[in-house]
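# Examining the three-dimensional arrangement
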Amino acid sequence: MDKAVPHFREELEALLARLLEMGGLAEARVREAVEGLVTRDPALIAKVRDGDEPLNRLHIEIDDRCFRLLALHQPMATDLRAIVAAVKINTDLERVGDLAVNIAQAAGRYATHPPVKKLIDIPQMSDIAQGMLHDALDAFVRRDTRLAQQVLNEDDRLDGLKTQVFRELLTYMLQDPSTVEPALDLILISRHLERIGDHATNIAEDVIFMVSAQDVRHHTAGGA
Amino acid sequence: MIKVRAERLNFYYGATRALQDISVAVQPNVVTAFIGPSGCGKSTFLRTLNRMNDIVPGTRVEGRVLIDDADIYAPGVDVVALRRRVGMVFQKSNPFPKSIFENVAYGLRINNMAGSRSELAGRVEESLRQAALWGEVKDRLHESALAISGGQQQRLCIARALAVRPEILLMDEPASALDPIATQRIEELIYDLKQAYTIVIVTHNMQQAARVSDYTAFFWLGRLVEYDRTDKIFTNPAEQLTEDYVTGRFG
Amino acid sequence: MRRLPDRAFQAVALAVLCLALAALAALILDVWRDGASRLSWDFLTGFPSRRAESAGIWHALTGSVFVILVTAALAVPIGVGAAIYLEEYGTRSLLARLIEINITNLAAVPSIIYGLLGLGLFVRALGMGRSVLAGASTLALLVLPVIILTTREALRAVPRSIREGSYALGATKWQTIWHQVLPVALPGILTGTILALSRAIGETAPLITIGALTFVAFVPDGLWSPFTVLPIQIFNWVSRPQPAFQVNAAAAILVLLALLLTMNAAAVWLRDRYQKKLV
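All of the points below concern the structure found in this document. Bear in mind the structure is a predicted one, so any value in this text is a computation, not a measurement.

What counts and what doesn't
- Residues numbered from 1 in each chain as written.
- Chains lettered and ligands numbered in written order.
- Predicted model: local features only at pLDDT ≥ 70, side-chain atom pairs only at ≥ 80, totals over all residues.
- Heavy atoms only, no water.
- Phe/Tyr/Trp six-rings, centres within 6.5 Å; stacked < 30°, edge-to-face > 60°.
- Helix = DSSP H or I, 4+ residues; strand = E, 2+ residues; numbered from the N terminus.
- Buried < 20%, exposed > 50% of the residue type's maximum accessible area, 1.4 Å probe, protein only.
- Lys NZ or Arg CZ within 6 Å of the ring centre and 35° of its normal.
- Contact = heavy atoms within 4.5 Å.
- Buried area = accessible area lost by both parts, 1.4 Å probe.
- Salt bridge = Lys/Arg side-chain N within 4 Å of Asp/Glu carboxyl O.
- Polar contact = N/O pair within 3.5 Å; in protein donor to acceptor, adjacent residues only side chain to side chain.
- Nonpolar A, V, L, I, M, F, W, Y, C, P; charged D, E, K, R; others polar.
- Pairing = 2+ DSSP bridges.
- Patch = residues over 30% accessible without salt bridge, like charges linked within 9 Å, V, L, I, M, F, W, Y side chains within 5 Å.
- Areas by Shrake-Rupley, 256 points an atom, 1.4 Å probe, with all protein chains shown as cover.
- Axes fitted to C-alpha atoms, helices over the stretch in contact; angles between N-to-C directions.
- Parallel < 35°, antiparallel > 145°, perpendicular 65-115°, else oblique.
- Left-handed = near helix turned anticlockwise from the far one by under 90°.

## Considerations on the packing of aromatic side chains
Going through the model one piece at a time under the given rule, you end up with 9 aromatic pairs over all chains. Between Phe 34 of chain B and Phe 45 of chain B, the ring centres sit 5.3 Å apart and the planes meet at 40°, which makes this aromatic pair tilted. In this pair, Phe 34 of chain B is assigned in strand E3 (residues 31-35) and Phe 45 of chain B in helix H1 (residues 42-48), connecting sequence segments 11 residues apart. Assessed through its relative accessible area of 0%, Phe 34 of chain B is described here as buried. Residue class for Phe 45 of chain B comes out buried when judged on its relative accessible area of 1%. Between the aromatic rings of Trp 174 of chain C and Trp 178 of chain C, the centroid separation amounts to 5.7 Å while the plane-to-plane angle is 25°, which identifies the pairing as stacked. Here Trp 174 of chain C pairs with Trp 178 of chain C, and both are found in helix H8 (residues 173-201), just 4 residues apart, close to one helical turn. Assessed through its relative accessible area of 44%, Trp 174 of chain C is described here as partly exposed. Here the aromatic residues Phe 34, Phe 45 and Phe 219 of chain B are joined through ring pairs into a cluster of three or more. For Arg 229 of chain B, the ring lying beneath its charged end belongs to Tyr 215 of chain B, and the centroid distance is 5.4 Å.

## Some remarks on the interface of chain C and chain B
Contacts between the two partners involve 20 residues from chain C, matched on the other side by 25 residues from chain B. Carbon and sulfur atoms make up 62% of the area that chain C and chain B hide from each other, which totals about 1,900 Å². Counting across the interface, chain C meets chain B through 1 salt bridge. Arg 47 of chain B is the partner of Glu 164 of chain C in a salt bridge, and the nearest nitrogen-oxygen pair spans 2.6 Å. One can count 6 residue pairs in polar contact (both at pLDDT 80 or more) joining chain C with chain B. Counting only elements with at least two residues in the side of chain C that touches chain B, the list comes to helix H7 (160-168) and H8 of chain C. When residues of the side of chain C that touches chain B are assigned to their parent elements, the largest contribution, 8 residues, is made by H7 of chain C. Looking at the side of chain C that touches chain B residue by residue, the classes come out as 8 nonpolar, 9 polar and 3 charged.

## Looking at the sheet that holds strand E4 (residues 59-67) of chain B
Residues and elements named next belong to chain B. Spatial ordering of the open sheet is given by E2-E1-E4-E5, a layout of 4 strands whose pairing is antiparallel. The open sheet has two edge strands with one neighbour each: strand E2 (16-26) and strand E5 (70-71). Bridge count for strand E1 (residues 4-13) against E2 is 7 bridges, and the pairing is antiparallel. In the strand pairing of E2, Phe 11 is matched with Leu 19.

## Describing a nonpolar patch on the surface
Residues and elements named next belong to chain C. A cluster of nonpolar side chains, contributed by Leu 14, Leu 17, Leu 21, Leu 24, Leu 27, Ile 28 and Leu 257, occupies part of the molecular surface with about 660 Å² of accessible area. Counting residues per element, the nonpolar patch draws most heavily on helix H1 (residues 3-35), which supplies 6 residues. Looking at the secondary structure, you find Leu 27 in helix H1.

## Quick notes on the packing of helix H4 (residues 94-106) of chain C against helix H6 (residues 132-156) of chain C
Residues and elements named next belong to chain C. Between H4 and H6, whose axes approach to 8 Å, the crossing angle comes to 120°. Put simply, H4 runs oblique to H6. As for how H4 packs across H6, the hand of that crossing is left-handed. Contacts between H4 and H6 involve Glu 100, Ile 103 and Leu 106 from the former and Pro 145, Ile 148, Leu 149 and Arg 152 from the latter.

Dropping the structure here:
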C-alpha cells in the first residue's frame, strides 16, 4: 500500500522517457550532420538540414508535460528540481538540434568546394560532443553526479580541439586565399560542436543541482 | 457521452437562492471536481445530484438533473433507488457505530443484495479491497468501526458506498479532515476508482482538485463560473474570476 | 484575584450539595433506625395481618413489581412510538405541534389528576374495575410524557451524519430509524424510561384515587386481579395508631428504597453497557 502517488510517478517517468528520446534524436542529428560533412552526401545533409520538425514537436510536448506536472501536482524537493531540470535540459536539447541544422547548412556549403584538408579533428570533436551529451543524459536518468562531473571535465578537451582546428585552418587560409570560404565553414562547424559541448555541460550542471541541490554553474565550470 | 447533466438548476433554501441556473455536463469514468470558496454552492450542488437535500426541510429545486438522460426530479422517481445508484461520501467520515463488517454489509442488507452468508462476506471483502482497506482490517472485521483511524474510517465509508455498486460516486470534501498521508491515499484511491465509476468530488483544496480530477468546475456565489478540463482551469482559465481564485488573488 | 469569585462560587455550591446530602442521609438514617430491626425474610414473604409483628409485604412487593412491568409494557412502545413520530415524521405538521405542546404540559400535571382520569376512564368507563390493568394504565399515562420527552431528546442527539450516511446508501426512512437511529439512541431511551418507571413505582396518590385496595391478603394473579402496592401499604401502616405498625412502615420504606436504587443502578448499567458496545 505504500505507493507514494504512483500516478504522479508514472507521469514523471513518462516525462523522463520523452526527454531521453529527445536526447537520442539530438545526438543522432549531430552524428548525421558531421557524417554528411565527411562523406559529402547531399541526401544526408539535406535530411539533417530540413528534418528539425520531430525534435521541435518533442520540445513542445516536453514543455507541456512539465507545465502540467508543475501546475497540477505541485511537486516538492527532488521532484521539483527534477522537473525544473527537465525544462532546462529540454531547451538545451532543442538548441543542440538547431546547431545540428547549422552544421548541416555549413556542410552543404562546404561540399560545393574542394576539400581543404582531410577531416580528423572535427569528427573527433563530434564524437566527444555526442559522448558528452549521451553521458549527461545518462547522468540525469541515473542521478549520477560522478558521471555528470566527467562531462564537465570533457568540455576542456573539446575547447582545446576547437582552438587547434582554428589555428590549423588559419595556416591553410594564409597559404591559399581560395580556401578561405570553405575553411571558415569548417571553423564555424567546430564552433557549433563546441557549443553543443556547452549545452551538454549545462545539462550536467543541472543534473548535479537536481541530485545534490548544489549549484556548480559559475565556479567549477567557470573556465569553460 | 454524458452521465450527469444539470439543466438550468436553481436551488432555494427557503427564500434564498443558493444555486443560480447551473448547467453542467459530467462525463462518465472521469473525476470531476467542484471548487470554489466556502458558501459558493458547490456542496449544495453536489447534494442535488442524489437528492440528499430532500431531507433538509424548506428546500426547493427548479430545473432538471438528468442521469443517463432521465430526470431525477421527475414525479414518481424512486429516491431510494436513485441513492443506491449515486453513492455519497461525506466530509466528516461517518461510519455507523457498528462493526467494520456490518458497516459495509448494511447497504447490501437494506437493498436486498446480501444473498447468502458467503456471498455477503465476498461482497464485503471485495468492497474493502476496492477501497484499499482490506489488508489493514481483514483481521478485525468484527471490531468497532470507530476504533480505526480517521483515514481508515473514511476509506471504510468509501467501501460502504461501493458495496451497493453505485454508478456514480459523490464525494463531499472527503479528505478535508485527514492528514497529508491519509489524504494522499484517498486521492490515489479516487484515481484508481475512476476506471469503474463516475466520480464527482467537492473540495476546497485547489491543489487536490488539480491532482485528482480530469475536469474542474469553479463555483462562485451560487453560480458556475467556469467548467473545463482541469489542466486548462489551472494553467490558463478563460475567466478572470477563475484566474483570480486559482492564483489566490481573491477578495 | 479574578479567581476569588470563582472559588467562592465553588464553595457555595459544595456547601449546598452537602446540605442536600445531609438531609437525605438523616432521612435514611432515621428510617433505618426505626425499621432495620424489622427487616427479615419473613417480613418480605409474609402477608398482611392485624398483628404488626406477623405482618409482611409480599403481596405489596409483588403488586408493585407486577404493576410496574405492565406499566412498562404499555408505556414504552407507545411512548417510543410517539416520540419517533414526533421527532422523525411529524415535526412540521400542525397536529404534531399541538401534540407536542400538550405533552410538555402533561409532564407537569399533578399525579392526582391522572388518578382521577384513571378512575373515570379505566375503572368506570372502560369497566376495568380496580384491577392491575387499570392501575398500570393510569401509571402508564403518568410516565408517558416523560418517556416521550426523553426519547425525543435521545433521538435528537443522534448525529445527522449517521442518518445521512444511511440515506446515502439507499435506505428508506424506516430502515434508517430502525437500523441506525434507534440503536444509537437506545441507551438514552433506556435511561429515561427506567427513571420514569422508578418515579411511577413510588406513586401513591393516583393509585389510591382509582381505589387500589389498602388491605390485600393475596398476590395478584392476573391483569384483572385487585392489587396493592408498596407505597399504599406504607401509607396504610403509617396511618395506624399502634407504634409497631410504624416500625413496619419504616421497614417497608427501606425495601421500596432498595427497589428504587436497584432500578436506577440498572439504568446506569444498561447505559454504560450499550455505550461500550457502540463505541
